[in-house]
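The chain contents come next:
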Amino acid sequence: MIPFRTLTVAALAAALAVPSSARAAATVGQPAPEVSLPDTTGATRSLSAYKGKFVVLEWVNFECPFVGKHYGSGNMQSLQKKYTGQGVVWLTVVSSAPGTQGFVNAEEANRDTQKRGAAPTAVLLDPTGAVGHLYGAQATPHMYVINPEGQLVYMGAIDDTPSADPSDIAHAKNYVAAAIDAVKSGQRVGVPATKAYGCSVKYASGN
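Here the structure is a predicted model, which means the values were calculated and not measured. (Residues numbered from 1 in each chain as written. Predicted model: local features only at pLDDT ≥ 70, side-chain atom pairs only at ≥ 80, totals over all residues. Heavy atoms only, no water.)

Considerations on the environment of Leu79
Part 1 of the reasoning: Within the element layout of this structure, Leu79 appears in helix α3 (residues 75-84).
Part 2 of the reasoning: Since its relative accessible area comes to 8%, Leu79 is described here as buried.
Part 3 of the reasoning: What Leu79 contacts, discounting residues up to four positions off in sequence, is Trp90, Ile158, Asn174 and Ala177. (Helix = DSSP H or I, 4+ residues; strand = E, 2+ residues; numbered from the N terminus. Buried < 20%, exposed > 50% of the residue type's maximum accessible area, 1.4 Å probe, protein only. Contact = heavy atoms within 4.5 Å.)

Here's the deal with the packing of α3 against helix α6 (residues 175-184)
Part 1 of the reasoning: Between α3 and α6, the shortest axis-to-axis distance is 11 Å and the interhelical angle comes to 15°. Relative to α6, α3 is oriented roughly parallel. In this structure, α3 crosses over α6, and the sense of that crossing is left-handed. Note on element contacts: α6 touches α3 through Ala177, Ile180 and Asp181, opposite Leu79, Lys82 and Tyr83.
Part 2 of the reasoning: By residue class, the composition of the contact of α3 with α6 is 4 nonpolar, no polar and 2 charged. (Axes fitted to C-alpha atoms, helices over the stretch in contact; angles between N-to-C directions. Parallel < 35°, antiparallel > 145°, perpendicular 65-115°, else oblique. Left-handed = near helix turned anticlockwise from the far one by under 90°. Nonpolar A, V, L, I, M, F, W, Y, C, P; charged D, E, K, R; others polar.)

Describing the sheet that holds strand β4 (residues 89-94)
Part 1 of the reasoning: Pairing within the open sheet is mixed, and its 5 strands lie in the order β5-β4-β3-β7-β8. Two strands lie at the open edges of the sheet, namely β5 (122-125) and β8 (152-156), each paired on one side alone. Going across the sheet, the axis of each strand differs from the next one's by a mean of 20°, ignoring polarity.
Part 2 of the reasoning: Direction of pairing for strand β3 (residues 55-59) relative to strand β7 (residues 142-146): antiparallel, over a ladder of 5 bridges. Looking at the pairing, Val56 lines up with Val145 of β7.
Part 3 of the reasoning: Together, β3, β4 and β7 form the strand contacts of α3, whose direction differs from that of β4 by roughly 140°. (Pairing = 2+ DSSP bridges.)

Section: the layout of surface pockets
Part 1 of the reasoning: Approximately 170 Å³ is the volume attributed to the second largest pocket.
Part 2 of the reasoning: Looking at the second largest pocket, it is lined by 18 residues, and the ones nearest its centre are Phe62, Gly102, Val104, Asp112 and Arg116.
Part 3 of the reasoning: Residue assignment for the lining of the second largest pocket shows that the elements contributing at least two residues are β4 and α4 (106-115).
Part 4 of the reasoning: At 4 residues, the largest contribution of residues to the lining of the second largest pocket is made by α4. (1 Å grid on protein atoms, 1.4 Å probe; cavity = no way out; pocket = protein on both sides within 12 Å on 5 of 7 lines; lining within 4 Å. Points joined across faces, edges and corners; volume = space filled by probe spheres on them.)

Comments concerning the state of the cysteines
Part 1 of the reasoning: In the structure shown here, the tally under the stated rule is 1 disulfide.
Part 2 of the reasoning: With its sulfur 2.2 Å from that of its partner, Cys64 forms a disulfide with Cys199. Sign of the S-S torsion, about 90° for the bond between Cys64 and Cys199, identifies this disulfide as right-handed. One end of the pair, Cys64, is in the loop between β3 and α2 (65-72); the other, Cys199, is in strand β9 (residues 199-200), with 135 residues separating them in the sequence. Exposure class is identical for Cys64 and Cys199. Each is buried. (Disulfide = S-S within 2.5 Å.)

Digging into α6
Part 1 of the reasoning: Buried within α6 are the following residues: Tyr175, Val176, Ala177, Ala179, Ile180 and Ala182.
Part 2 of the reasoning: Buried residues belonging to α6 abut β3, α3, β7 and β8.
Part 3 of the reasoning: A side-chain oxygen of the first residue of α6 lies 3.1 Å from the backbone nitrogen of Val176; this N-cap is Asn174.
Part 4 of the reasoning: A positive phi of about 80° marks Gly186, the residue just after α6. (Polar contact = N/O pair within 3.5 Å; in protein donor to acceptor, adjacent residues only side chain to side chain.)

Points about the pairing of β5
Part 1 of the reasoning: Alternating positions in β5 separate into two faces, Ala122 and Leu124 on one and Val123 and Leu125 on the other, with burial throughout.
Part 2 of the reasoning: Where β4 meets β5, 4 bridges bridge the pair, whose relative direction is parallel. Residue pairing for β5: Thr92 is matched across the bridge by Val123.

Structural measurements only, silent on function.
Given below as C-alpha coordinates:
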(Lines give C-alpha, C1' and ligand atoms only; values in the text may rest on other atoms or scores of the structure.)
Protein backbone atom coordinates (compact mmCIF):
# COMPACT_ATOMS: atom_id res chain seq x y z
CA MET A 1 0.00 0.00 0.00
CA ILE A 2 1.36 3.42 -0.96
CA PRO A 3 1.54 5.88 1.96
CA PHE A 4 -0.55 9.00 1.52
CA ARG A 5 1.48 12.18 1.53
CA THR A 6 -0.02 15.34 2.92
CA LEU A 7 -0.64 17.82 0.13
CA THR A 8 -0.31 21.58 0.32
CA VAL A 9 -3.22 23.78 -0.67
CA ALA A 10 -1.20 24.96 -3.66
CA ALA A 11 -0.58 21.39 -4.83
CA LEU A 12 -4.25 20.55 -4.55
CA ALA A 13 -5.23 23.66 -6.47
CA ALA A 14 -2.79 22.81 -9.26
CA ALA A 15 -4.00 19.22 -9.41
CA LEU A 16 -7.60 20.36 -9.71
CA ALA A 17 -6.81 22.54 -12.71
CA VAL A 18 -8.84 20.45 -15.14
CA PRO A 19 -9.24 22.10 -18.56
CA SER A 20 -12.77 23.25 -19.31
CA SER A 21 -12.21 23.34 -23.06
CA ALA A 22 -12.48 19.58 -23.61
CA ARG A 23 -15.72 18.51 -25.23
CA ALA A 24 -16.84 14.90 -25.15
CA ALA A 25 -17.98 13.02 -28.21
CA ALA A 26 -19.11 10.38 -25.72
CA THR A 27 -22.71 10.96 -24.60
CA VAL A 28 -24.63 9.14 -21.89
CA GLY A 29 -27.46 7.09 -23.37
CA GLN A 30 -25.74 6.83 -26.75
CA PRO A 31 -23.45 4.12 -28.16
CA ALA A 32 -19.98 4.48 -26.68
CA PRO A 33 -17.36 5.57 -29.24
CA GLU A 34 -15.14 2.77 -30.47
CA VAL A 35 -11.86 2.26 -28.64
CA SER A 36 -8.96 0.60 -30.43
CA LEU A 37 -5.67 0.85 -28.58
CA PRO A 38 -2.63 -1.31 -27.87
CA ASP A 39 -2.37 -2.85 -24.45
CA THR A 40 0.90 -3.41 -22.61
CA THR A 41 1.50 -6.71 -24.42
CA GLY A 42 1.21 -5.03 -27.82
CA ALA A 43 -2.18 -6.58 -28.58
CA THR A 44 -4.93 -4.29 -29.83
CA ARG A 45 -7.99 -4.01 -27.61
CA SER A 46 -11.22 -2.88 -29.25
CA LEU A 47 -14.36 -1.94 -27.36
CA SER A 48 -16.50 -3.67 -29.97
CA ALA A 49 -14.91 -6.99 -29.04
CA TYR A 50 -16.61 -6.78 -25.64
CA LYS A 51 -20.20 -6.42 -26.84
CA GLY A 52 -22.42 -8.28 -24.40
CA LYS A 53 -20.29 -7.33 -21.39
CA PHE A 54 -20.11 -4.37 -19.07
CA VAL A 55 -16.99 -2.30 -19.69
CA VAL A 56 -15.39 0.24 -17.36
CA LEU A 57 -12.92 2.76 -18.77
CA GLU A 58 -10.63 4.34 -16.17
CA TRP A 59 -8.24 7.17 -17.05
CA VAL A 60 -5.13 7.05 -14.90
CA ASN A 61 -1.93 8.93 -14.06
CA PHE A 62 -0.10 7.30 -11.17
CA GLU A 63 1.73 10.54 -10.34
CA CYS A 64 -1.58 12.28 -9.63
CA PRO A 65 -2.45 12.57 -5.91
CA PHE A 66 -6.13 11.94 -6.60
CA VAL A 67 -5.27 8.66 -8.31
CA GLY A 68 -2.95 8.00 -5.39
CA LYS A 69 -5.90 8.39 -3.04
CA HIS A 70 -7.78 5.54 -4.67
CA TYR A 71 -4.82 3.25 -5.28
CA GLY A 72 -2.92 3.99 -2.06
CA SER A 73 -6.01 3.06 -0.06
CA GLY A 74 -6.72 -0.03 -2.17
CA ASN A 75 -10.10 1.34 -3.20
CA MET A 76 -9.55 1.15 -6.96
CA GLN A 77 -8.05 -2.31 -6.76
CA SER A 78 -11.03 -3.53 -4.73
CA LEU A 79 -13.43 -2.20 -7.36
CA GLN A 80 -11.43 -3.80 -10.15
CA LYS A 81 -11.35 -7.19 -8.45
CA LYS A 82 -15.00 -7.09 -7.43
CA TYR A 83 -16.36 -6.26 -10.86
CA THR A 84 -13.95 -8.21 -13.05
CA GLY A 85 -14.92 -11.13 -10.81
CA GLN A 86 -18.49 -10.53 -12.01
CA GLY A 87 -17.43 -10.57 -15.67
CA VAL A 88 -16.97 -6.81 -16.12
CA VAL A 89 -14.16 -5.78 -18.48
CA TRP A 90 -12.04 -3.10 -16.83
CA LEU A 91 -9.76 -1.11 -19.13
CA THR A 92 -7.31 1.35 -17.60
CA VAL A 93 -6.26 4.05 -20.08
CA VAL A 94 -3.10 6.16 -19.99
CA SER A 95 -3.40 9.28 -22.18
CA SER A 96 -0.39 11.20 -20.83
CA ALA A 97 1.77 12.35 -23.73
CA PRO A 98 5.49 11.53 -23.91
CA GLY A 99 7.45 13.89 -21.69
CA THR A 100 4.47 14.73 -19.49
CA GLN A 101 3.48 13.65 -15.99
CA GLY A 102 2.14 10.12 -15.92
CA PHE A 103 3.50 8.99 -19.29
CA VAL A 104 4.61 5.36 -19.24
CA ASN A 105 5.72 2.84 -21.79
CA ALA A 106 4.40 -0.72 -21.72
CA GLU A 107 7.08 -2.01 -19.38
CA GLU A 108 6.60 0.85 -16.95
CA ALA A 109 2.82 0.45 -17.04
CA ASN A 110 3.15 -3.24 -16.18
CA ARG A 111 5.52 -2.39 -13.36
CA ASP A 112 3.14 0.20 -11.92
CA THR A 113 0.18 -2.17 -12.19
CA GLN A 114 2.03 -4.96 -10.41
CA LYS A 115 3.49 -2.63 -7.78
CA ARG A 116 0.04 -1.41 -6.79
CA GLY A 117 -1.66 -4.78 -6.93
CA ALA A 118 -4.05 -3.41 -9.54
CA ALA A 119 -6.33 -5.82 -11.36
CA PRO A 120 -7.68 -4.30 -14.58
CA THR A 121 -8.45 -6.52 -17.55
CA ALA A 122 -5.81 -4.56 -19.46
CA VAL A 123 -3.91 -1.28 -19.47
CA LEU A 124 -4.27 0.63 -22.74
CA LEU A 125 -1.74 3.15 -24.02
CA ASP A 126 -3.04 6.33 -25.67
CA PRO A 127 0.03 8.60 -25.97
CA THR A 128 -1.48 10.67 -28.78
CA GLY A 129 -4.55 11.34 -26.65
CA ALA A 130 -6.87 10.43 -29.52
CA VAL A 131 -9.16 8.21 -27.45
CA GLY A 132 -8.96 10.49 -24.44
CA HIS A 133 -10.18 13.41 -26.54
CA LEU A 134 -12.86 11.26 -28.14
CA TYR A 135 -14.28 10.49 -24.72
CA GLY A 136 -13.67 13.98 -23.36
CA ALA A 137 -11.50 12.58 -20.56
CA GLN A 138 -10.47 15.60 -18.51
CA ALA A 139 -9.20 14.24 -15.24
CA THR A 140 -7.44 11.37 -13.57
CA PRO A 141 -9.36 9.47 -12.53
CA HIS A 142 -12.16 9.92 -15.10
CA MET A 143 -14.56 6.98 -15.22
CA TYR A 144 -16.95 5.59 -17.85
CA VAL A 145 -19.38 2.67 -17.61
CA ILE A 146 -20.67 0.97 -20.77
CA ASN A 147 -23.53 -1.52 -20.65
CA PRO A 148 -23.65 -4.87 -22.50
CA GLU A 149 -25.54 -3.22 -25.38
CA GLY A 150 -22.60 -0.88 -25.92
CA GLN A 151 -24.31 2.23 -24.54
CA LEU A 152 -22.59 4.65 -22.23
CA VAL A 153 -24.56 4.65 -18.98
CA TYR A 154 -22.24 6.66 -16.72
CA MET A 155 -19.41 9.17 -17.15
CA GLY A 156 -17.65 11.36 -14.63
CA ALA A 157 -16.11 11.16 -11.17
CA ILE A 158 -15.41 7.94 -9.35
CA ASP A 159 -17.36 9.22 -6.34
CA ASP A 160 -19.05 12.25 -4.83
CA THR A 161 -16.17 13.42 -2.61
CA PRO A 162 -13.61 15.46 -4.60
CA SER A 163 -10.61 15.30 -2.33
CA ALA A 164 -7.21 13.63 -2.25
CA ASP A 165 -7.72 12.36 1.30
CA PRO A 166 -8.14 8.55 1.51
CA SER A 167 -10.14 8.87 4.73
CA ASP A 168 -13.00 10.36 2.68
CA ILE A 169 -13.54 7.13 0.75
CA ALA A 170 -15.42 5.40 3.56
CA HIS A 171 -18.33 7.85 3.46
CA ALA A 172 -18.28 8.64 -0.28
CA LYS A 173 -20.91 7.43 -2.76
CA ASN A 174 -19.17 5.45 -5.49
CA TYR A 175 -20.82 6.37 -8.79
CA VAL A 176 -19.17 3.57 -10.78
CA ALA A 177 -20.39 0.84 -8.45
CA ALA A 178 -23.84 2.43 -8.27
CA ALA A 179 -24.13 2.54 -12.08
CA ILE A 180 -23.10 -1.07 -12.62
CA ASP A 181 -25.27 -2.36 -9.79
CA ALA A 182 -28.31 -0.41 -11.00
CA VAL A 183 -28.12 -1.71 -14.56
CA LYS A 184 -27.49 -5.26 -13.39
CA SER A 185 -30.66 -5.09 -11.31
CA GLY A 186 -32.72 -3.69 -14.19
CA GLN A 187 -32.92 -0.15 -12.80
CA ARG A 188 -32.05 3.24 -14.25
CA VAL A 189 -28.74 4.79 -13.27
CA GLY A 190 -29.63 7.39 -10.66
CA VAL A 191 -26.72 9.72 -11.45
CA PRO A 192 -25.61 9.11 -15.05
CA ALA A 193 -23.14 12.00 -15.39
CA THR A 194 -20.99 14.04 -13.02
CA LYS A 195 -17.98 16.33 -13.26
CA ALA A 196 -14.78 14.33 -12.85
CA TYR A 197 -12.32 15.57 -10.26
CA GLY A 198 -8.56 15.09 -10.16
CA CYS A 199 -5.48 16.12 -12.12
CA SER A 200 -5.89 17.31 -15.67
CA VAL A 201 -5.10 14.68 -18.30
CA LYS A 202 -1.63 15.52 -19.59
CA TYR A 203 -2.30 15.69 -23.30
CA ALA A 204 0.38 16.80 -25.74
CA SER A 205 0.81 20.57 -25.84
CA GLY A 206 -1.60 22.09 -28.32
CA ASN A 207 -3.47 18.81 -28.66
